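Each chain, letter by letter, is given below.
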Amino acid sequence: MGSPGTGRADLSGLVDANGQPLDHFTAALQQEGITSLEQLLELPRLELLHTLRLFMEDLDIVLEAAARAGMPAICTARQMKRGASGVLPTFLPRLDRALGGGLTVGTVTEICGAAGSGKTQMCLHVTAQAVLSDAQANVVYVDTEHSFSPKRLEQMLLALAAHLQLADGAVVSALGRVHVLRPLSTAQLVEAVHAIGQLAAGPARVTLVVLDSVGALVRAEFDRDASMRRFEHLTALSASLKRVAGALGAVVVVTNQVVGLFDEAAASCGELEGQAGSKLQPSLGVTWAHNVNYRLLLQYMLRASSGARGGFRLDEAGAQSRSIRIEKSPKSAQATVPIAIELGGLVEPPLENGAAAHVGTPRPT
């Protein structure tokens, strides 16, 4: 049971616990555009009830049948190690070493930070490196905040191409392999993610998917009275993004804002140290925090200072001096890497002992 070349199991042959076919339910699902087990299992229950106009008991039967049909195979740790995913380097050497080589393929990495901390710059940097280091690579960039700048991306690409002494056509080719989507609602975002997953069946090889940002549309559509709908949307979205990462063999990068914590008891998950010892937490709460595989925190560099308010001040480089901290990783220890944002993207500045700066530049393949 499956669609050739897509890696997505279709709905044919669904049966209930007694082995009775569920063809009438399957037809209703397909009429609504739900054609795979993955789509069915990742949609919120309330949305399915409303769309299909089913009783709860009937929906339970359909979802249980889908769960049985789509049960993943059991494998050993040795098999998992042999088939271990690769990485997409950021070409920031110290960060890549700390991450075990780069951003892990088949996973979702969250880049969080305050406004202006450099989240979009990090996304553009990784995008530029991905398409310039691999002449066949494609990037899908989902821009929910309308912050994507083709001019800034071209600026990074031109600087990197000049450093690598690449032909002029390399930048034109790279720009043509960055595909931008701008959904206007959470419903359009869900459809966009489904469409991205279907690219696995096509000839284009997608190595990176960027969602900047994950919270923009959620904040606009779901108020405090819609917490259950928000919970279901985020859970379904995270499941979809992970499936996309696996189906494409790609890295998925999402950005998220941080919020200040005024209640210490509220910092039950994902608490971060902010400026002057304040407490910060990525937005979207505990539900989202558990659904990302990796979390990187972008923040301004602070240095101890006896004369500064709160005992901290921005260093001499001011707003250009930042750091990336690994906050969550299944294979890396927590680490902090200083960075700066320059014309060609992100760079690692010189170490205090006078070592040269690490410039993030790839080698084309």
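Residues numbered from 1 in each chain as written. Predicted model: local features only at pLDDT ≥ 70, side-chain atom pairs only at ≥ 80, totals over all residues. Heavy atoms only, no water.

**Concerning the environment of L237**
Along the polypeptide, L237 turns up in helix 12 (residues 227–248). Relative accessible area serves as the criterion here: at 2%, L237 is assigned to the buried category. It is 7.7 Å that separates the C-alpha atoms of L237 and E42, two residues lying 195 residues apart in sequence. (Helix = DSSP H or I, 4+ residues; strand = E, 2+ residues; numbered from the N terminus. Buried < 20%, exposed > 50% of the residue type's maximum accessible area, 1.4 Å probe, protein only.)

**A closer look at the pattern of salt bridges**
Opposite charge on two side chains makes pairing possible when the charged atoms of those side chains draw close. Evaluation of the coordinates by the stated rule reveals six salt bridges. Here R295 makes a salt bridge to E110, at a shortest N to O gap of 2.3 Å. One end of the pair, R295, is in strand 11 (residues 294–300); the other, E110, is in strand 3 (residues 108–113), and 185 residues separate them in sequence. For R295, a relative accessible area of 5% puts it in the buried group. Look at E110 and you get buried, because its relative accessible area is 0%. Across the pair D143 and R182 runs a salt bridge, and its minimum N-O distance is 2.8 Å. (Salt bridge = Lys/Arg side-chain N within 4 Å of Asp/Glu carboxyl O.)

**Focus on the packing of helix 10 (residues 186–197) against helix 12**
The geometry of helix 10 relative to helix 12 is characterised by a closest axis approach of 9 Å and an angle of 20° between their N-to-C directions. In terms of orientation, helix 10 and helix 12 fall into the roughly parallel class. The element helix 10 and its partner helix 12 pack so that their crossing is left-handed. Within the contact between the two elements, helix 10 uses T186, L189, V190, V193, H194, I196 and G197 and helix 12 uses H233, L237, S240, L241, V244 and L248. (Axes fitted to C-alpha atoms, helices over the stretch in contact; angles between N-to-C directions. Parallel < 35°, antiparallel > 145°, perpendicular 65-115°, else oblique. Left-handed = near helix turned anticlockwise from the far one by under 90°. Contact = heavy atoms within 4.5 Å.)

**A closer look at a nonpolar patch on the surface**
The grouping of L46, M228 and F231 at the surface amounts to a nonpolar patch, some 300 Å² of accessible area in total. Residue class for L46 comes out partly exposed when judged on its relative accessible area of 45%. (Patch = residues over 30% accessible without salt bridge, like charges linked within 9 Å, V, L, I, M, F, W, Y side chains within 5 Å. Areas by Shrake-Rupley, 256 points an atom, 1.4 Å probe, with all protein chains shown as cover.)

**Focus on the pairing of strand 6 (residues 205–212)**
Most of strand 6 sits inside the fold, with seven of its eight residues counted as buried. Looking at chain direction, strand 4 (residues 137–143) and strand 6 are connected through seven bridges and run parallel. Counted as the bridge partner of V140 is V209 from strand 6. Both strand 6 and strand 7 (residues 251–256) contribute to a ladder of four bridges, which runs parallel. (Pairing = 2+ DSSP bridges.)

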